[in-house]
Amino acid sequence: MKIHNFNAGPSILPKQVIRKSAKAVIDYNQCGLSLLEISHRSIDFEKIMEKTTNLVKRLMNLNKDYAVLFLQGGATLQFTMVPYNLMKTEAAYLDTGIWANNAIEEAKKIGKVRILFSGREKKYSYISKNYKIPDEVDYFHCTSNNTIVGTQMKIFPNTSIPIICDMSSDIFSRKLNFCQFGLIYASAQKNISSAGMTIVIVKKEILRKIKRNIPSYLDYKIHIKNNSLLNTPNVFSIYTSMLTLEWIENKGGISILEKENQQKSKLLYDEIDRNNLFENRIHKEDRSNMNVTFFLKKKNLKKDFDYMWKKENIVGLEGHRSLGGYRASIYNAISLESVQFLIEVMKEFERIFS
Ligand SMILES: *Cc1c(COP(=O)(O)O)cnc(C)c1O
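Residues numbered from 1 in each chain as written. Predicted model: local features only at pLDDT ≥ 70, side-chain atom pairs only at ≥ 80, totals over all residues. Heavy atoms only, no water.

### Describing the domain arrangement of the chain
The following threshold applies: For each domain, the first and last residues come from an automatic or database assignment. Throughout, buried area stands for the accessible area (probe radius 1.4 Å) lost by two parts on being put together, summed over both. Salt bridges, as used here, are contacts in which a Lys or Arg side-chain nitrogen is within 4 Å of a carboxyl oxygen on Asp or Glu. Here a polar contact is recorded for every N or O atom pair within 3.5 Å, except that within protein the pair must consist of a potential hydrogen donor and a potential acceptor, and residues adjacent in sequence are included only if both atoms are side-chain atoms. A run of H or I in DSSP becomes a helix once it reaches four residues, and a run of E becomes a strand once it reaches two; helices and strands are each numbered from the N terminus. Think of it as three bins: nonpolar holds Ala, Val, Leu, Ile, Met, Phe, Trp, Tyr, Cys and Pro, charged holds Asp, Glu, Lys and Arg, and polar takes everything else, Gly as well.
As far as domains go, the chain holds domain 1 (15-251) and domain 2 (253-353). Relative placement of domain 1 and domain 2: their C-alpha centres are 27 Å apart. Overall, the association of domain 1 and domain 2 removes approximately 2300 Å² of surface from exposure, summing both partners, and the carbon and sulfur fraction of that is 55%. Linking domain 1 with domain 2 are three salt bridges, by the criterion used here. Taking the shortest distance from any N to any O, the salt bridge between Lys-129 and Glu-285 comes out at 3.8 Å. Put simply, domain 1 and domain 2 have 17 residue pairs in polar contact (both at pLDDT 80 or more) between them. If you list the elements that add at least two residues to the side of domain 1 that touches domain 2, you get β7 (151-152) and α6 (235-251). Of the residues forming the side of domain 1 that touches domain 2, the biggest block, four residues, is contributed by α6. Partitioning the side of domain 1 that touches domain 2 into residue classes produces 12 nonpolar, nine polar and eight charged.

### With respect to helix α7 (residues 254-274)
Worth spelling out the cut-off: In a helix, the anticipated span is given by 1.5 Å times the number of residues less one. Partly exposed describes any residue whose relative accessible area lies between the buried limit of under 20% and the exposed limit of over 50%, with all areas from a 1.4 Å probe on protein chains only and scaled to the type maximum. Note that the arc is defined by the directions from the helix axis to the C-beta atoms. Any two residues whose heavy atoms approach within 4.5 Å are treated as being in contact.
For α7, which comprises 21 residues, the first-to-last C-alpha distance of 30 Å matches the rise-based estimate of 30 Å (1.5 Å per residue) to within 8%. Residues of α7 that are buried: Ile-254, Leu-257, Asn-261, Lys-264, Ser-265, Leu-268, Tyr-269, Glu-271 and Ile-272. In an axial view of α7, the angular spread of the buried residues amounts to 155 degrees, which keeps them on one side of the axis. Those residues of α7 that are exposed and angled more than 90 degrees off the buried face are Lys-259 and Lys-266. Looking at the buried side of α7, the elements it contacts are α2 (43-60), α6, β11 (278-279), β12 (291-296), β14 (326-329) and α9 (336-353).

Written as structure tokens, this is what we have:
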């Protein structure tokens, strides 16, 4: 039976990736051992690391100024590692959502934080474009896609200050000039792989400016020197990422996915706007192509709607626990058919209940 998976994270991955990944857990490359049983310093695993790194570089069109790392601790550890490695005295942050706010709270433990914009009062329903990055800050931190509320940055500032971006929920979903960033990080469990691994893409020249003594695991320079093998990495998650990135490359790259993602999200937003029973509360130009949030106009229909979509094998449509309502996370791997199916269910719901 087909299940339509709208989970926010961990979330849907391409079926063929799951199949290949499962196979490697049983028997890696017909070597008689599981992927989980071979050394992370073996030639087999070295090849996986090299291939995955090159796929990231190719798909994102990165030049040789950048290093690609596969670390642990989730995006959450990056909230700490970024200021630890890059903040001399002060950094600028955009407060565009709950994850952005968590990043700010961690940075405050290391130094001064200047918040250039906060959407908090307006329930994070839009992202300002009118902020100015001060010349004297060490870096500018932003969140490209706000997974919980469903907003997405469509433009990034033109600045000589290093831009640090949390791309956890929209990495590899759209074409950007990735070389405009000083550092990009993304935990794997949304658009890439299993939880427990974070991709970090860093422009090497922005490092080395800090005097503080950094604990080894938190030091990007040490990870670069060790090719992400300072300690045992998450071999399973890295291997599964490699499979997802191959899937993306075989489809034709990020720009193809971007088109599909635009098409899927447009269909869904159009339906929410058209349907009498639902509303989306995000400013139109800031709507996310990855996490589409919506609410019932009449709260007393919640039971009926929940019964209806659950009966149709739709999963993961609940809004974040802090927000309520609904959230359809429509990551790279979700098919147009699943999105169309959800739309049909919403239409049917309207026919019956309005
Ligand atoms: C999920 C998410 C995080 C948290 O990731 P963890 O791997 O759980 O630490 C951070 N930022 C954004 C934008 C997210 O979507």
